[in-house]
Amino acid sequence: TGRNIYFEESVNSTQNIAQRLALEGAEEGTIVVAEEQLGGRGRLERKWQSPKYKGIWMSLILKPSIPIMKTPQLTLLTAVAVVQGIQEVTGVQADIKWPNDLLVNGKKLTGILTEMQADSDRVHSLIIGIGINVNQQLEDFAAELQPSATSIYLETKTSWDRAKIIQGIMMHLEKLYLLYLEKGFYPIKILWESYSISLGQKVTANTLNGSIVGFAKGITDDGVLLLEDEQGVIHSIYSADILMET
Ligand code: BTN
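Scoring rules and cut-offs
Chains are numbered independently. Their residues run from 1 in the order of the written sequence. Only residues with pLDDT of 70 or above have their local features reported here, since the model is predicted, and side-chain atom pairs are shown and tallied only from 80 upward, although totals for entire chains, interfaces and linings are computed over all residues. Working definition: the nonpolar core is a set of buried Ala, Val, Leu, Ile, Met, Phe, Trp, Tyr and Cys residues, joined through C-beta atoms within 7 Å. Residues are called buried when their C-beta atom has 20 or more other C-beta atoms within 10 Å, exposed when it has 12 or fewer, and partly exposed otherwise; all C-beta atoms are positioned from the backbone. Strands are runs of DSSP state E lasting at least 2 residues, helices are runs of H or I lasting at least 4, and numbering of each runs from the N terminus. We call two residues in contact whenever the C-beta atoms placed from their backbones are within 7 Å. Only the C-beta atom, placed from the backbone, is used; a residue is near a molecule or strand if that atom lies within 6 Å of it. Under this grouping Gly is polar, as are all residues other than the nonpolar Ala, Val, Leu, Ile, Met, Phe, Trp, Tyr, Cys and Pro and the charged Asp, Glu, Lys and Arg. Helices are assigned an expected span. That span is 1.5 Å times one less than the residue count. Paired strands, in this sense, are two strands between which DSSP finds at least two bridges. Fitted lines through C-alpha atoms give the axes, limited to the stretch in contact for helices. The angle between two N-to-C directions lies from 0 to 180 degrees. A residue's pLDDT is simply how confident the predictor is in it, with values from 0 to 100. An automatic or database domain assignment supplies the start and end points of every domain.

Topic: the nonpolar core
Okay, so step 1: M58 and A79 are the most contacted members of the largest nonpolar core, which totals 48 residues.
Okay, so step 2: Broken down by element, this core gets its largest block of residues, 9 residues, from helix α2 (residues 71–90).
Okay, so step 3: Once residues lying within four places of it in the same chain are set aside, the contact partners of A79 are I96, N100, L102, I112 and W192.

Next comes the structure, spelled out in structure tokens:
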């Protein structure tokens, strides 16, 4: 992966560009990287602040031959690759909070957003957006994000070459993706679990249909989070914000 790289100075969202490229038949492994996004998107319809030269704002196109139901597997795989790439290049060890936030000491370093193009129930293209806070100082974050966000700079007191980090991530991504194509999701799931901080914890899942409090028991082979509530009922969580009790 990563053989076709599109660099952009300023874009609305790298997701939009990657979507267009995917429709135009871009190869699997194509990535779009921008210095700045004016309309960066986060999960659950949130905005994603993407200040110029400060972070890694990129979208990756994958074309796995899988049913739609299995797409969370690739988001989890990406989270593992990003943890490993950041760790290898910068030494920063991030934890994964389900489904795919990367945290350092509870503060958010990275977000991942997966969008897809599908033909009936098969995936045509996955557009995996990765946003990594790299060289921000505290004042580069909006005031309301300052308590809950971090950057690699803030964790290491060093500025980092963003291209090196992208390279590290893509190397791990390629390795994990080949492993996935050969052996399926199981080995990826084991790795994901080893980096996860949500599992075994009491958490609150805020879903569109309300909140569920329970113990995070694990993830299924499709990447769905399993929560056991106080009555012992197991809930399958497909999409939610997870709050962890500290
Ligand atoms: C989240 O945690 O809410 C996901 C954030 C994803 C941000 C990245 S930055 C590159 C790509 N382009 C976007 O507009 N969003 C993703």
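On we go.
Thoughts on the environment of K217
Okay, so step 1: In this fold, K217 is placed in strand β9 (residues 210–219).
Okay, so step 2: For K217 and I188, which are 29 residues apart along the polypeptide, the C-alpha to C-alpha distance reads 17 Å.
Okay, so step 3: The residues touching K217, leaving out its near neighbours within four places in the chain, are L226, L227, E228 and I234.

Some points on the site of the ligand
Okay, so step 1: In the region of the ligand, 21 residues are neighbours, and S13, G42, G111, G129 and G131 sit closest.
Okay, so step 2: The set of elements that each furnish at least two residues to the shell around the ligand consists of α1 (14–23), β3 (55–62), β6 (107–119) and β7 (122–133).
Okay, so step 3: In terms of residue class, the shell around the ligand is made up of 6 nonpolar, 11 polar and 4 charged.

A word on α2
Okay, so step 1: Taking 1.5 Å of rise per residue, 20 residues should cover 28 Å, and α2 covers 29 Å from first to last C-alpha, within 8% of that figure.
Okay, so step 2: Among the 20 residues of α2, 16 are classified as buried, and the element is accordingly described as predominantly covered.
Okay, so step 3: Looking at the residues trailing α2, positive phi occurs at G91, about 80 degrees.

Quick look at the sheet that holds β3
Okay, so step 1: Pairing is mixed in the open sheet, where 7 strands are placed in the order β1-β2-β3-β7-β6-β5-β4. Here the strands that pair on one side only, and so sit at the sheet edges, are β1 (5–11) and β4 (95–97). Each strand axis lies, on average, 20 degrees off the axis of its neighbour in the sheet, ignoring direction.
Okay, so step 2: Inspection of the sheet shows β4 paired to strand β5 (residues 101–104) by 3 bridges, in the antiparallel sense. Of the residues in β5, the one forming a bridge with D95 is L103.

A look at the sheet that holds strand β12 (residues 241–244)
Okay, so step 1: Within the open sheet, the 5 strands sit side by side as β11-β10-β9-β8-β12. Their pairing is antiparallel. Where the open sheet ends on each side, the last strands, each with one partner, are β11 (234–237) and β12. Neighbour-to-neighbour, the strand axes of this sheet turn through a mean angle of 45 degrees, independent of strand direction.
Okay, so step 2: Of the strand pairs in this sheet, strand β10 (residues 225–228) and β11 are connected by 4 bridges, and their pairing is antiparallel. Bridge assignment links L225 to a residue of β11, and that residue is I237.

Some words on the confidence of the model for the protein
Okay, so step 1: Predicted confidence across the protein gives a mean pLDDT of 94, with 99% of residues reaching 70 or more.
Okay, so step 2: As a predicted assembly, this complex carries a pTM of 0.94 together with an ipTM value of 0.99.

Some thoughts on the environment of G91
Okay, so step 1: For G91, the position within the fold is in the loop between α2 and β4.
Okay, so step 2: Separated by 61 residues in the primary sequence, G91 and T30 place their C-alpha atoms 27 Å from one another.

Notes on the domain arrangement of the protein
Interfaces are often described in size by the accessible area the parts lose on coming together.
Okay, so step 1: In terms of domain boundaries, the protein breaks down into domain 1 (5–195) and domain 2 (202–244).
Okay, so step 2: For domain 1 versus domain 2, the distance between C-alpha centres works out to 23 Å.
Okay, so step 3: Taken together, the contact between domain 1 and domain 2 spans 11 residues of the former and 9 residues of the latter.
Okay, so step 4: The greatest single-element share of the side of domain 1 that touches domain 2, amounting to 3 residues, is contributed by α2.
Okay, so step 5: Per-class residue counts for the side of domain 1 that touches domain 2 are 7 nonpolar, 1 polar and 3 charged.

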